[in-house]
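The residues making up each chain are set out below.
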Amino acid sequence: MQIITVKDITAEIEWKAIKNVHLTIYPPDARVHVSAPEKMSEDAIRLFLISKLAWIKERVRQIHQQERQTEREYVSGENHYFKGIRYRLKIIYHDAAPKIEIQGTQFIVMYIRENTKTERRAEILKEWYRGELKKILLHYIAKWEQLLKVKVNKWDVKQMKTLWGSCNHTTRNILFNLELVKKPLRCIEYIVVHELLHINIRLHNEEFISRLNYHFPDWRAIKNELNEFIV
């Protein structure tokens with residue numbers, strides 16, 4: 001990985017065994033990342049960045065203007081997302097083990113003891129999210145293993161900063177970002193398809209894109225939706 005600066009844009013450069021150069025700007029801090037073919041020179045990358053400068057600046061501006069979550073306190077009235085729907089958190093105190101349930105299309109209800117600290121409330125919601133996401137993933141993985149004729153060795157859910165999913169082509173192990181549980185189901189399913197395709201196709205090459213187009217024709221729109229998340 002190498003860092004270069006072009007005009008007033010700083011970008012991290014990663015050379016890979018790929019055919020085409022890929023430019024990505026990651027929320028929440030508008031980090032500019034370039035994946036470049038191994039034979040592409042630094043000068044050629046600089047020229048590429050200069051040609052994309054107007055687009056980069058506009059995308060950086062959009063990311064910096066995105067709505068940002070306020071500091072979470074896990075009290076009644078806060079907004080929290082689940083499967084693409086915005087819910088209001090409702091706290092109900094009870095003298096028993098904590099639990100969470102969905103109430104209609106408006107509320108995520110958290111049952112906790114009255115003296116439960118903020119950190120513990122966050123942990124309770126996070127573990128509920130993890131369990132719910134695993135149920136969703138279990139369904140989609142089983143579905144797409146059959147359709148793609150592949151077999152996952154092992155998969156898990158992890159909090160990740162920049163990736164929605166990650167597949168080890170050699171071991172067939174896959175990690176999914178816990179934040180996916182807040183996105184619409186079509187977004188979660190797209191990530192499942194994307195990562196399962198990597199079991200047989202390691203790179204984002206023409207074959208990979210062709211198969212993605214075939215199985216998920218609107219994947220580009222979904223990818224854009226995933227990148228527009230509230231941070």
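For clarity, every value in this text was computed on a predicted model and none was experimentally measured.

Draft legend 1. Representation of the pattern of salt bridges within the structure. As enumerated under the stated definition, the model contains 14 salt bridges in all. Across the salt bridge formed by Arg 130 and Glu 127, the nearest N and O atoms sit 3.5 Å from each other. Of this pair, Arg 130 and Glu 127 both sit in helix H3 (residues 118-148), three residues apart, which is roughly one turn of the helix. Accessibility expressed as a relative area gives 43% for Glu 127, which makes it partly exposed. A salt bridge links Glu 225 to Arg 186; the nearest nitrogen and oxygen atoms lie 2.9 Å apart. With Glu 225 in helix H6 (residues 219-227) and Arg 186 in helix H4 (residues 185-197), this residue pair connects regions lying 39 residues apart in the sequence. Judged by its relative accessible area of 24%, Glu 225 falls in the partly exposed class.

Draft legend 2. Local environment of the packing of aromatic side chains. Counted under the stated rule, the structure contains eight aromatic pairs. An angle of 55° between the planes, with centres 6.0 Å apart, marks the rings of Tyr 190 and Phe 216 as tilted. Of this pair, Tyr 190 sits in helix H4 while Phe 216 sits in the loop between helix H5 (206-215) and H6, and the two are 26 residues apart along the sequence. As far as burial versus exposure is concerned, Tyr 190 and Phe 216 are alike and both buried. Here the guanidinium or amino end of Lys 90 rests over the ring plane of Phe 107, the centre of that ring lying 4.3 Å away.

What counts and what doesn't
- Residues numbered from 1 in each chain as written.
- Predicted model: local features only at pLDDT ≥ 70, side-chain atom pairs only at ≥ 80, totals over all residues.
- Heavy atoms only, no water.
- Salt bridge = Lys/Arg side-chain N within 4 Å of Asp/Glu carboxyl O.
- Helix = DSSP H or I, 4+ residues; strand = E, 2+ residues; numbered from the N terminus.
- Buried < 20%, exposed > 50% of the residue type's maximum accessible area, 1.4 Å probe, protein only.
- Phe/Tyr/Trp six-rings, centres within 6.5 Å; stacked < 30°, edge-to-face > 60°.
- Lys NZ or Arg CZ within 6 Å of the ring centre and 35° of its normal.

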